[in-house]
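Residue-level structure breakdown
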Amino acid sequence: MILTVTLNPAIDVSYHVQHFQIGHGHRVENGNKTAGGKGLNVSRVLQQLNSEVLCTGLLGGSTGTWIKNQLDSVNLMHDFLEITGETRTCLAMLDPIAGTQTELMERGPTISKEEVERFRDHFKHLCQKANIVIASGSMPKGMPSPFYQEMGEITRELHIPFLLDTSGNALTEGIEGRPFLIKPNEMELRAYVGRELSNEEEMLEAAKIICNKGVQYVLLSLGSKGAILVGQENILKAEIPEMEVKNPVGSGDSMLAGMAYALQQGFSISKSLAFACACGMANAVEEQTGYVEKVVVEKLVPQVKVTPLNEGR
Ligand code: ATP
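In this report, we go over the structure that sits alongside the text. (Residues numbered from 1 in each chain as written. Predicted model: local features only at pLDDT ≥ 70, side-chain atom pairs only at ≥ 80, totals over all residues. Heavy atoms only, no water.)

Focus on helix α4 (residues 147-157)
Listed in full, the buried residues belonging to α4 are Phe-147, Tyr-148, Met-151, Gly-152, Ile-154 and Thr-155. Across the axial projection of α4, the buried residues extend over an arc of 170 degrees, all falling on one side. Each element contacted by the buried residues of α4 is listed here: β1 (2-6), α3 (113-127), β9 (132-136), β10 (162-165) and α5 (168-175). Positive backbone phi, at 60 degrees, marks His-159, one or two positions downstream of α4. (Buried < 20%, exposed > 50% of the residue type's maximum accessible area, 1.4 Å probe, protein only. Helix = DSSP H or I, 4+ residues; strand = E, 2+ residues; numbered from the N terminus. Arc of directions from axis to C-beta. Contact = heavy atoms within 4.5 Å.)

Description of the packing of aromatic side chains
Considering all chains together, one arrives at six aromatic pairs under this definition. Pairing Phe-119 with Phe-147 gives two aromatic rings, centres 6.0 Å apart and planes at 45 degrees, and the pair type is tilted. Residue Phe-119 is found in helix α3, and its partner Phe-147 is found in helix α4; the two are separated by 28 residues along the sequence. The same class applies to Phe-119 and to Phe-147, which are both buried. Taking the centre distance of 5.6 Å and the plane angle of 65 degrees together, the rings of Phe-180 and Tyr-217 count as edge-to-face. In this pair, Phe-180 is assigned in the loop between α5 and β11 (181-182) and Tyr-217 in strand β12 (residues 217-221), connecting sequence segments 37 residues apart. By relative accessible area, Phe-180 is classed as partly exposed at 22%. Here the guanidinium or amino end of Lys-271 rests over the ring plane of Phe-267, the centre of that ring lying 4.0 Å away. (Phe/Tyr/Trp six-rings, centres within 6.5 Å; stacked < 30°, edge-to-face > 60°. Lys NZ or Arg CZ within 6 Å of the ring centre and 35° of its normal.)

Details of the nonpolar core
Counting 48 residues, the largest nonpolar core has Leu-46, Ile-134 and Val-297 as its most contacted members. The dominant element in this core, judged by the number of residues it contributes, is helix α9 (residues 269-284), at nine residues. Beyond its immediate chain neighbours, meaning those up to four positions away, Leu-46 contacts Ile-2, Thr-4, Ser-51, Val-53, Ile-134, Ala-257, Ala-260 and Tyr-261. (Core = buried A, V, L, I, M, F, W, Y, C linked by side-chain atoms within 4.5 Å.)

Focus: the site of the ligand
Lining the immediate environment of the ligand, one finds 22 residues, of which Asn-185, Ser-221, Gly-223, Gly-226 and Gly-252 sit closest. The backbone of Gly-250 places a nitrogen or oxygen atom 3.0 Å from an oxygen atom of the ligand. At 2.9 Å from an oxygen atom of the ligand is found a main-chain nitrogen or oxygen belonging to Gly-252. For the ligand, the protein covers 84% of the area, taking 630 Å² as the surface of the free molecule. When residues of the shell around the ligand are traced back to their parent elements, those giving at least two are α8 (251-265) and α9. Looking at the shell around the ligand, the element that brings in the most residues is α8, giving four residues. By residue class, the composition of the shell around the ligand is ten nonpolar, nine polar and three charged. (Near = heavy atom within 4 Å. Polar contact = N/O pair within 3.5 Å; in protein donor to acceptor, adjacent residues only side chain to side chain. Areas by Shrake-Rupley, 256 points an atom, 1.4 Å probe, with all protein chains shown as cover. Nonpolar A, V, L, I, M, F, W, Y, C, P; charged D, E, K, R; others polar.)

The quantities given are spatial measurements derived from coordinates; they are silent on function.
Put into structure tokens, the structure is as follows:
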């Protein structure tokens, strides 16, 4: 099965507020409440693709219990470590008139040293059941910043591909653990190398730096412009058609789920890239975040044009 790791999950609550104004009170309909965190988006999409998935990470307090109940209600298997801190809540105010989204994101609980130790053991134990491990998102306070690096080392010893989607320091340190694949977007890649990437050539150079550190694949997602997959041996570019988009939030998570699914199915690397892009696209045409229809994904796969970029380089 595919094991997904969400170290800092959240209850995401969104409100529709017409003419949202800072400094004013607004009467609103009940908020839309979902179990959030990038890893949980990935898990939902894997389930929609009919993959067997187990979600883990850290959950605590009544918000943690709410998330567990929500996962139970949609039959998503989970085995989180219970922590003493309260899992965070994130708020989004969507103004359909102005087309704006205002967000308040709690940082989340502080994890104790003892909880870190317990989670390390818990993770090692769950890895015994996994054939792919995916870790997504930020790390809560108290979690040692090289934790993703450690996860890379643990999974490599067990010969399990480790897919990592994070940013900032967690990504920089995570790369040192030589994950099988990372999925930065352009902004995350730019932040990693610490300079502007003004053209495709510069993006490829940056991705190559990461491959040279022992990462097998860098899946660089480029939103409506598709994606580039830079591997130790080959570079593939995926171009996608223009489409009417409803909500592209979570497309990166859907793409990562698609890539894990493709790997598990043993697709060729070129078909895996097309399938991953199709999952991102299938999410973008839906209103819901982290939601794809498998039939839509299958219809979109042939519309993704994958070409090798490194011929003659
Ligand atoms: P998020 O953090 O919201 O999950 P991301 O920045 O990690 O997103 P993107 O690069 O925006 O990821 O999107 C991932 C993939 O989803 C793209 O490579 C593409 O295949 C698809 N996608 C995203 N946005 C669009 C769009 N506007 N039109 C068509 N496809 C899209």
